[in-house]
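Residue-level listing of the chains:
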Amino acid sequence: MSRRQDEELIQAAFDHTMTETEFEQFEARLHDEPALRALYYEYSTLHHSLTEEFESNTAMPTRLRALRSPDFPRTSLVQSVLSAAAILMLLLTAAWFIGVRPSKPRARVVFGPETSGRLVHPEGGRQAGELVPGSQLVLSHGSAELTMASGVRGIIEGPAHLECLGPNEVRLERGHAWFQVPPGAEGFTCQANTLQIEDLGTAFGVVANPEAREELHVLQGRVRVHPHERPDASRDLHAGEGVTWDGTRFHSLPNPLPFATSLPRRIQVFADDFSEADETPVHGKAPDRGAGRWEATLGTPLIFGGMLDTSGDAKMAFAPITAPLDSVNHILLLTIETDTPDARTFHSDGWAGVSLFTGEQEHIFVGDPFGPDNGWAIHPVGGQAVTTSPPLKGKRTVTLRYSFRDGLAELFEGPDTRGEP
């Protein structure tokens, strides 16, 4: 903020026009920013002087007003000085209480792109982008970066549920979490459902799932872990080691699981709007973005009305996505827009949509499935087609979100993943 904005903020504090949340944020800034604290002291002195000056000409108490009289008795002077000293002490005490007392330890939260998540605070608080003890981070999907008051940094991947317990302690009930602990923050503790994990100067990852065994993977340094019900079963792990607990004993994990160590960036790897002239063959056409060309493998797909025409006899065409994608750092977002120009209809008795392949292996289909139902569906290979609820029919824009890590596929209406799948 500018100095002018800070001055207005301080004046609002003196005028008692702040909300409770705004006052808590003001307290936190006073605690963390020496420049703002110095400006507050300067303002408080001026405020006191102005109050004394204006009240002296109106309804100032008699003994204070007597300080301006050349013939006041000595007792009045003593009383006046003591009164002024009491007011000054009260002012300085209030200034220390507001500006210097420790604020609640906070953790900063930054949500990644295409993330659906929220912060839940105790007692109805609304700290924007921050966690205090008792606050919870809930991710439906996506990721968030967490920076603790102690300097610990974490990347949380959803679906996830994490609670802040203190400046150097969290509880992870669900999700993938990677933590990096800087020098001086040793002792950072992550409570999982069955395990207590204490850092001894390191980087480590945790996989928490109430329906399955938790996993601890040490990526750097050293970690101490013990089950909640068995503190005596404490175990020290070093880089490259991992364990899970079955309720009776630890089991070693053969290879460290990879974890995301930063928030993802949006990278467009393929795009095509089929804006070529009507009856342009798709075969051999370069997409608007992407390294390869379309290859028609069945029928003669043509472009009509700014779309790839799928009506009539069976047609099939492939386009390569050559960007390297891995299961740790990438989520695939596939946005499809359909149309129903002329007399053509979206639905037919066959399949009409888009499939994702790796080589010859199909993974998932999204579009209008084979059969009598008219509407959008997703169909993972080896599973059952799932139609949208409520049904989506006709001209639509939808976005498929596909996780390489666990195969989770979700379909959203619109050009992004906001809202419910």
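Residues numbered from 1 in each chain as written. Predicted model: local features only at pLDDT ≥ 70, side-chain atom pairs only at ≥ 80, totals over all residues. Heavy atoms only, no water.

A.B. asks: Help me out: how do you make sense of the overall build of the chain in this one?
C.D. replies: Along its length, the chain carries five helices and 25 strands. The buried share among the 421 residues of the chain stands at 36%. Looking at the chain alone, contacts between residues at least 24 apart form 43% of all its contacts between residues at least 6 apart. As displayed, the chain offers around 23,500 Å² of accessible surface, 53% of which is attributable to carbon and sulfur atoms. (Helix = DSSP H or I, 4+ residues; strand = E, 2+ residues; numbered from the N terminus. Buried < 20%, exposed > 50% of the residue type's maximum accessible area, 1.4 Å probe, protein only. Contact = heavy atoms within 4.5 Å. Areas by Shrake-Rupley, 256 points an atom, 1.4 Å probe, with all protein chains shown as cover.)

A.B. asks: Help me understand a nonpolar patch on the surface, please; the structure alone is not making it clear to me.
C.D. replies: Together, Leu-298, Met-316, Phe-318 and Phe-357 line one region of the surface with nonpolar side chains, adding up to about 320 Å² of accessible area. Mapped onto the secondary structure, Phe-318 falls in strand 18 (residues 316-318). (Patch = residues over 30% accessible without salt bridge, like charges linked within 9 Å, V, L, I, M, F, W, Y side chains within 5 Å. Salt bridge = Lys/Arg side-chain N within 4 Å of Asp/Glu carboxyl O.)

A.B. asks: When you look at the side chain of Ser-403 in this model, what are you seeing that I'm missing?
C.D. replies: The residue Ser-403 is located in strand 24 (residues 397-403) in this model. For Ser-403, a relative accessible area of 7% corresponds to the buried category. With near-sequence residues (within four places) excluded, Ser-403 lies in contact with Ile-331 and Leu-408.

A.B. asks: Any chance you could explain the confidence of the model for the chain here in plain terms?
C.D. replies: The predicted coordinates ought not to be read in detail in places where the model reports low pLDDT. Per-chain confidence: the chain averages 79 in pLDDT, with 76% of residues scoring 70 or above. The lowest-confidence element of the chain is helix 4 (residues 62-65), averaging 31 in pLDDT; the highest-confidence one is strand 7 (residues 169-180), averaging 96. Scored below 50 in pLDDT, residues 341-345 makes five contacts in the model with residues more than four places away or belonging to other chains. (pLDDT = per-residue confidence, 0-100.)

A.B. asks: Mind showing me how you'd approach the sheet that holds strand 14 (residues 280-281) here?
C.D. replies: Note on sheets: strands pair through backbone hydrogen bonds, and any given pair is parallel or antiparallel. The antiparallel open sheet is built from three strands, whose spatial order is 14-16-17. With partners counted over all chains shown, the strands left at the sheet margins are strand 14 and strand 17 (307-308), one partner each. Relative to strand 17, strand 16 (residues 302-304) runs antiparallel, the two being bridged by two bridges. For Ile-303, the partnering residue across the bridge sits in strand 17 and is Leu-308. (Pairing = 2+ DSSP bridges.)

A.B. asks: Sorry if this is basic, but what is going on with the pairing of strand 24 here?
C.D. replies: Burial of strand 24 is extensive: six of the seven residues sit out of reach of the surface. Note that strand 19 (residues 331-337) and strand 24 share seven bridges and pair antiparallel. Residue pairing for strand 24: Leu-334 is matched across the bridge by Leu-400. Sheet analysis places strand 24 next to strand 25 (residues 409-413), joined by five bridges and oriented antiparallel.

A.B. asks: In this structure, what is going on with the packing of aromatic side chains? I would like to understand it.
C.D. replies: To describe a pair of aromatic rings, you give the distance between the ring centres and the angle between the ring planes. Evaluation of the coordinates by the stated rule reveals nine aromatic pairs. Measuring from ring centre to ring centre gives 4.8 Å for Trp-245 and Phe-250, while their planes differ by 65 degrees; the resulting arrangement is edge-to-face. What makes Trp-245 buried here is its relative accessible area of 6%. Seen in terms of ring centroids, Phe-270 and Trp-294 are 6.0 Å apart; in terms of plane orientation they differ by 75 degrees. Their pairing is edge-to-face. Of this pair, Phe-270 sits in the loop between strand 13 (250-252) and strand 14 while Trp-294 sits in the loop between strand 14 and strand 15 (295-298), and the two are 24 residues apart along the sequence. Exposure remark for Phe-270: the relative accessible area of 25% places this residue in the partly exposed category. (Phe/Tyr/Trp six-rings, centres within 6.5 Å; stacked < 30°, edge-to-face > 60°.)

A.B. asks: What is the right way to look at the sheet that holds strand 25 in this model?
C.D. replies: Strand order in this open sheet of three strands is 19-24-25, and the pairing throughout is antiparallel. Each end of this open sheet is capped by a strand with a single partner; those strands are strand 19 and strand 25. Between one strand axis and the next, the sheet turns by 20 degrees as a mean value, whatever way the strands run. (Axes fitted to C-alpha atoms, helices over the stretch in contact; angles between N-to-C directions.)

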